[in-house]
Amino acid sequence: MFAPLAAEFQGPSAPPASMFDNMPGYEGTMVLLQPSLSLHTVCHSLTADSIPSITEDTAREAFVQFASSKCCYSAAPAKDGVITKMDAFNTYRYRLETFTESRSTEWSHEPYNGQPVDAFAQPPPGPWDVPAQAPNFFVDGKQIMKVPYTSSMKACHVCVGMGRKPCKDCAGAGNKVCWVCNGFGNRMGNDRCHHCSGRGRENCSHCHGQGSKKCETCHGKQQLLVYINLTVKWTNNSDNYVVEQSSGLQVHNLSSVSGKELFRDSQYMVYPVMGFPDPTVVNAAQRLVSEHQGKFSQTSRILQQRQTIELIPITKVTYSWKGKSHIYFVYGNEFKVSADNYPATCCCTVM
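In the nomenclature of an unreviewed UniProt entry, the chain is known as Ssu-2 homolog, related sequence 1 of Sander lucioperca.

Here it is as structure tokens:
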């Protein structure tokens, strides 16, 4: 289902095409986006190397907390190790978020309990003409509603309008062979079976001897209300680009931390950033903006976009413990620690 493009977000439904006049000679003219503020004036003095590294005290405290959080790690290397070197490998992260609305329809039904029947009273509205209340921007959400003028009453297709279905356990007989006497009516000798009172059969416990059960589809109402369900989904689609750094820290570690926000731009359709000191960020922004606008405008409606640039602090710490050199990383505003080869671990066994 293709959604109409909107020039600006004014609600959950797309604006009408009549909002733009048909000017002779300008047929097919698209809505142009204003470029964002050039980052030359915002970040000309902000480079990854210009951000000061953390102090030794901060690095040691983060390392001690890291070791203390691990049940099999001794805190000795973190507390007694001697820091010999600290190197800053700060890097940039560009993030593009595209908040979209998509709509899909499917037939549905429910037991008829006197609900209004409005099918064919007038033509139903199109999927994008049904009002829906969108959540806050960049917050996922979902809303399911009946499409007006699609509800009709039909006989239940499962029980053929009977309201009941034959019991599968007794094949509709209402009783089964007695499991105590196997249908003979008596047990050893001529003793009458007390379980079935000598009848050889017992009432079916699933249908209580009625031979049929209430239809689970129509709940015994015999009729169904059949209508079209409209599902509206709001999705925050996010992609990141992290500038490569040679510290040795795996990039996936950075997904759980935040950095210093250098730039934020939020509007209906963003324009790729320009003039940022690191050209790889500019190239990534151009690529992601083009991909998002091309991808999501085909199957959904773009409500808002947001792009941010963060500087994520990364410090590679070299320390000495028991005559050997080891390293760990402190990264993010949260001072998270990564130490793949911690020198004092034990084998824990879960009993």
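Structure shown, so let's carry the discussion forward.
**With respect to the pattern of salt bridges**
All chains considered together, the criterion is met by nine salt bridges. The shortest N-O distance in the salt bridge between E97 and R306 comes to 2.8 Å. Separated by 209 residues along the polypeptide, E97 in strand β2 (residues 91-111) and R306 in strand β11 (residues 301-312) bring together distant segments of the chain. Like E97, the residue R306 is buried in the burial classification. A single network of salt bridges, built from pairs that share partners, joins E101, R103 and R301.

**Quick word on the side chain of N90**
On the secondary structure map, N90 appears in the loop between β1 (82-88) and β2. Within the structure, N90 has its side chain in polar contact with the backbone nitrogen of I314 (distance 2.9 Å).

**Details of helix α4 (residues 279-299)**
Residue pairs spaced three or four apart in an α-helix point in one direction, given the helix's 3.6 residues per turn. The terminal C-alpha atoms of α4, which comprises 21 residues, lie 31 Å apart, in line with the 30 Å expected from a rise of 1.5 Å per residue. Restricting attention to buried positions, one finds in α4 the residues V281, V282, A284, A285, L288, V289, H292, Q293, F296 and S297. Considered in projection along α4, the buried side chains sweep an arc of 155 degrees and stay on one side of the axis. When the buried face of α4 is taken as reference, the exposed residues oriented beyond 90 degrees from it are P279, S290 and K295. Packing partners of the buried residues in α4 comprise β2, β9 (223-242) and β11.

**So, the sheet that holds strand β12 (residues 314-321)**
Overall, antiparallel pairing links the four strands, which are arranged β1-β12-β13-β14 in an open sheet. Among the strands making up the open sheet, the edge pair consists of β1 and β14 (336-338). Sheet twist, expressed as the average angle between the axes of neighbouring strands with direction ignored, equals 25 degrees. As judged from the eight bridges shared by β12 and strand β13 (residues 324-331), these two strands associate in the antiparallel manner. Paired with W321 across the bridge in β13 is K324. With respect to the sheet, helix α2 (residues 56-68) is in contact with β1, β12, β13 and β14, its orientation differing from that of β1 by roughly 105 degrees.

**What about unusual backbone geometry?**
Positive phi, normally seen in glycine, also occurs at Y149, with a value near 65 degrees. A positive phi is found at K322, a non-glycine position, where the angle reads about 55 degrees. Inspection of the secondary structure puts K322 in the loop between β12 and β13. Under the relative-accessibility criterion, K322 is labelled exposed at 70%.

**Considerations on the environment of E334**
Mapped onto the elements, E334 comes out in the loop between β13 and β14. A C-alpha to C-alpha distance of 9.8 Å links E334 and P313, two positions 21 residues apart in sequence. Those residues within four positions of E334 in sequence are excluded, and the remaining contacts are V257 and S258.

**Some words on the packing of aromatic side chains**
A full pass over the atoms with the stated rule returns twelve aromatic pairs. Between the aromatic rings of F63 and F66, the centroid separation amounts to 6.3 Å while the plane-to-plane angle is 15 degrees, which identifies the pairing as stacked. Placement of the pair is F63 and F66 together in helix α2, with a separation of three residues, close to one helical turn. Of the residues examined, F66 reaches a relative accessible area of 13% and is grouped as buried. A centroid spacing of 3.7 Å and a plane angle of 15 degrees characterise the contact between F63 and Y328, whose relative ring orientation is stacked. In this pair, F63 is assigned in helix α2 and Y328 in strand β13, connecting sequence segments 265 residues apart.

**Some points on the nonpolar core**
One finds A59, F63, Y328, V330, V337 and Y342 to be the most contacted residues of the largest nonpolar core, which totals 17 residues. Elements represented by at least two residues in this core include exactly α2, β12 and β13. It is α2 that provides the largest number of residues to this core, a total of five residues. In terms of nonpolar packing, the next biggest core, distinct from the first, is built from 16 residues, L96, V273, A285 and I309 among them.

**Let's talk about the side chain of T100**
Note on placement: T100 falls in strand β2. Within the structure, T100 has its side chain in polar contact with the side chain of N237 (distance 3.1 Å). If we skip the residues at most four places from it in the chain, T100 touches K233, W234, T235, N237, F296, S300, R301, I302 and L303.

What counts, and at which threshold
- Residues numbered from 1 in each chain as written.
- Predicted model: local features only at pLDDT ≥ 70, side-chain atom pairs only at ≥ 80, totals over all residues.
- Heavy atoms only, no water.
- Salt bridge = Lys/Arg side-chain N within 4 Å of Asp/Glu carboxyl O.
- Helix = DSSP H or I, 4+ residues; strand = E, 2+ residues; numbered from the N terminus.
- Buried < 20%, exposed > 50% of the residue type's maximum accessible area, 1.4 Å probe, protein only.
- Polar contact = N/O pair within 3.5 Å; in protein donor to acceptor, adjacent residues only side chain to side chain.
- Expected span 1.5 Å × (residues − 1).
- Arc of directions from axis to C-beta.
- Contact = heavy atoms within 4.5 Å.
- Pairing = 2+ DSSP bridges.
- Axes fitted to C-alpha atoms, helices over the stretch in contact; angles between N-to-C directions.
- Phe/Tyr/Trp six-rings, centres within 6.5 Å; stacked < 30°, edge-to-face > 60°.
- Core = buried A, V, L, I, M, F, W, Y, C linked by side-chain atoms within 4.5 Å.

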